[in-house]
Amino acid sequence: MGAETLVKNGDARVQVEAKAPLILGLQPAALIDHVARVDWSLLDQIPGERGGSIPVAIEELEHILSELKKHILASDDDPSPMKTMAGGSVANTIRGLSSGFGVNCGMIGAYGDDEQGELFVSNMKISGVNISRLRKKKGPTAQCVCLVDAFGNRTMRPCLSNAVKVQGDELTKEDFAGSKWLVMRYGIFNLEVIQAAIRIAKQQGLFVSLDLASFEMVRNFRVPLLQLLESGDIDLCFANEDEAKELLRDEENSDPEAALEYLSKYCRWAVVTLGPNGCIAKHGQEIVQGPAIGEAKAVDATGAGDLFASGFLYGLVNGLSLEECCKVGSCSGGTVIRSLGGEVTPENWQWMYKQMQMKGLPLPDIRN
């Protein structure tokens, strides 16, 4: 996996192997995000709770897209009220690690033979992500509508049902060989491929990171999630405050600190993000509370947790302390919310580097 072009060496031709990505992201289905800032009247028309993520059929997704233009909120800060880009939690994290932190990253998954599939591949490639582990398949690429209200809160409606995706039996040890971390997001519809990936990753000596996805996913499919966590195969777990509450909903105490304590029983690193209140994290006996970055102006919360994970993982692979990992995570999480969508603009990366510099954090060896 990852063989590059043959290079002439005198008369001999030498096979040059590309260096394996340090961090791999498993996103079984490539996904395109349609992100738009909209008024509340559109959100009132859409079934399900605001702020969450509920799968919809293609007809519903197309209906929402057709209604968008009537409900767009104009903004002086952002001349483009709607953006279309490669999306998905894992893709956001991996793209951030590659483009903003200069970490050698790759993606495992599948994309369709359509315009959306080509857009996903192009966007990840431009961001420096190794795409050699992405499979092209016949069929549609997954899409998601991300609706952002006037306060920057986002409501997501993904359409995944008929989208192409990679299956567990398609994964090989060559996909994982030489890498150090595997980044994943919990999802009941991807449980088989998640379990297969963990099995191979552990055989190949990788650390495994898991994001808890959404409070609805934790609420509705809690038992298989608990089994996954209690297997001991998850080394790092990220949860936001709502997901943490759902994780322990039957317990007497379901606050973030209790969730952190539960996660740390089974994971080497446990992190609960608390929005504007920062985060709490635990590794071994060490517990830290990290403040949010105060200077961040929330235009759109899409990708905040994903980019927090980018910064935290950058800290881990560079040997930073737990407190420093949290600080970098807060910087990168605070960066993405300054504009629409889960992709950080070059200007906002520069803003993040300044924040890191002010906090005495080591800067990535990269220039945007």
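Since the model is a prediction, treat every value here as computed from it, not as a measurement.

Caption draft 1: Local environment of the overall build of the protein. Broken down by element type, the protein carries 13 helices and 15 strands. Summarising its shape, the C-alpha atoms of the protein cover approximately 70 × 50 × 45 Å along the three principal directions. Across the 368 residues that make up the protein, the buried fraction comes to 54%. In the protein, the proportion of contacts linking residues at least 24 apart, taken out of those at least 6 apart, comes to 75%. On the protein, roughly 16,200 Å² of surface is accessible, and the fraction owed to carbon and sulfur atoms is 50%. Distance between charge centroids for the protein: 5 Å, based on 36 positive and 48 negative side chains.

Caption draft 2: Looking closely at the sheet that holds strand 6 (residues 105-112). Across the sheet, 9 strands lie side by side as 7-6-3-10-11-12-13-14-15; this open sheet has mixed pairing. Looking at the sheet topology across the chains shown, the edges are occupied by strand 7 (134-137) and strand 15 (286-290). Between one strand and the next, the sheet's axes are offset by a mean angle of 15 degrees, whatever the strand orientation. Pairing between strand 10 (residues 181-185) and strand 11 (residues 207-211): 5 bridges, direction parallel. Directly across from Leu 182, in strand 11, lies its bridge partner Val 208. Sheet strands touched by helix 4 (residues 115-126): strand 3 (23-29), strand 6 and strand 7. Its angle to strand 6, the strand with the most contacts, is close to 170 degrees.

Caption draft 3: Representation of empty space enclosed by the protein within the structure. With the rule as written, the count across this model stands at 2 cavities of 30 Å³ or more. Quantified by volume, the largest cavity comes out at close to 70 Å³. For the largest cavity, the full set of lining residues is Ser 89, Val 90, Thr 93, Val 183, Met 184, Arg 185, Ser 209, Asp 211, Phe 238, Asp 306, Ala 309 and Leu 313. For the lining of the largest cavity, the secondary-structure elements that each account for two or more residues are helix 3 (89-101), strand 10, strand 11 and helix 11 (304-317). Broken down by class, the residue content of the lining of the largest cavity amounts to 6 nonpolar, 3 polar and 3 charged. Within this model, the second largest cavity holds a volume of roughly 30 Å³. What lines the second largest cavity is simply Asn 92, Arg 95, Gly 96, Ser 99, Leu 307, Gly 342, Glu 343, Val 344 and Trp 349. Among the elements that make up the lining of the second largest cavity, the one with the highest residue count is helix 3 (4 residues).

Caption draft 4: Summary view of the packing of aromatic side chains. Tallying each qualifying case throughout the model produces 11 aromatic pairs. Look at Phe 308 and Phe 312: their rings are 6.2 Å apart centre to centre, the planes differ by 25 degrees, and that puts the pair in the stacked class. Taken together, the residues Phe 308 and Phe 312, both in helix 11 and 4 residues apart, mark about one turn of the helix. Taking the relative accessible area as the measure of exposure, Phe 312 reaches 0% and is therefore buried. A network of ring pairs unites the aromatic residues Phe 101, Tyr 314 and Trp 349 as a single cluster. Against the face of Trp 40 rests Arg 50, its NZ or CZ located 5.1 Å from the ring centre.

Caption draft 5: Region of interest: helix 2 (residues 58-71). In this model, helix 2 (14 residues) spans 20 Å end to end at C-alpha, consistent with the 20 Å of a helix rising 1.5 Å per residue. Those residues of helix 2 lying buried are Leu 61, Ile 64, Glu 67, Leu 68 and His 71. Among the structural elements, strand 4 (31-37), helix 1 (40-45), strand 5 (82-87), strand 8 (142-148) and strand 9 (154-159) are those in contact with the buried residues of helix 2.

Caption draft 6: How the structure looks around the pairing of strand 6. Buried residues dominate strand 6, accounting for 8 of its 8 residues. Here strand 6 shows no split at all, with Cys 105, Met 107, Gly 109 and Tyr 111 on one side and Gly 106, Ile 108, Ala 110 and Gly 112 on the other all buried. Here 5 bridges tie strand 3 to strand 6, and the two strands are oriented parallel to one another. Counted as the bridge partner of Ile 23 is Cys 105 from strand 6.

Caption draft 7: Just the pairing of strand 15, in detail. Across 5 bridges, the pairing between strand 14 (residues 279-283) and strand 15 is antiparallel. Of the residues in strand 15, the one forming a bridge with Ile 280 is Gln 289. Between strand 14 and strand 15, which follow one another and run antiparallel, lie 2 residues, and Gly 284 among them has a positive phi close to 60 degrees.

Caption draft 8: Here's a closer look at the environment of Asp 250. Looking at the element boundaries, Asp 250 is found in the loop between helix 9 (241-247) and helix 10 (256-266). The exposure class assigned to Asp 250 is exposed, which follows from its relative accessible area of 56%. At 3.3 Å, the side chain of Asp 250 and the side chain of Arg 222 are in polar contact.

Caption draft 9: Representation of the sheet that holds strand 8 within the structure. Pairing is mixed in the open sheet, where 4 strands are placed in the order 5-4-8-9. Where the open sheet ends on each side, the last strands, each with one partner, are strand 5 and strand 9. Across the sheet, the mean angle separating the axes of adjacent strands is 20 degrees when strand polarity is ignored. Bridge analysis of strand 4 against strand 5 gives 6 bridges, and the strand direction is antiparallel. Bridging from a neighbouring strand, Leu 31 pairs with Gly 87 of strand 5. Helix-sheet contacts for helix 2 involve strand 4, strand 5, strand 8 and strand 9, and the interaxial angle to strand 8 is about 35 degrees. Those strands touched by helix 4 are strand 4, strand 5 and strand 8, and its axis lies near 75 degrees from that of strand 5.

Reading the values: the criteria
Residues numbered from 1 in each chain as written. Predicted model: local features only at pLDDT ≥ 70, side-chain atom pairs only at ≥ 80, totals over all residues. Heavy atoms only, no water. Helix = DSSP H or I, 4+ residues; strand = E, 2+ residues; numbered from the N terminus. Buried < 20%, exposed > 50% of the residue type's maximum accessible area, 1.4 Å probe, protein only. Contact = heavy atoms within 4.5 Å. Areas by Shrake-Rupley, 256 points an atom, 1.4 Å probe, with all protein chains shown as cover. Lys, Arg positive; Asp, Glu negative; His and termini not counted. Charge placed at Lys NZ, Arg CZ, Asp CG, Glu CD. Pairing = 2+ DSSP bridges. Axes fitted to C-alpha atoms, helices over the stretch in contact; angles between N-to-C directions. 1 Å grid on protein atoms, 1.4 Å probe; cavity = no way out; pocket = protein on both sides within 12 Å on 5 of 7 lines; lining within 4 Å. Points joined across faces, edges and corners; volume = space filled by probe spheres on them. Nonpolar A, V, L, I, M, F, W, Y, C, P; charged D, E, K, R; others polar. Phe/Tyr/Trp six-rings, centres within 6.5 Å; stacked < 30°, edge-to-face > 60°. Lys NZ or Arg CZ within 6 Å of the ring centre and 35° of its normal. Expected span 1.5 Å × (residues − 1). Polar contact = N/O pair within 3.5 Å; in protein donor to acceptor, adjacent residues only side chain to side chain.

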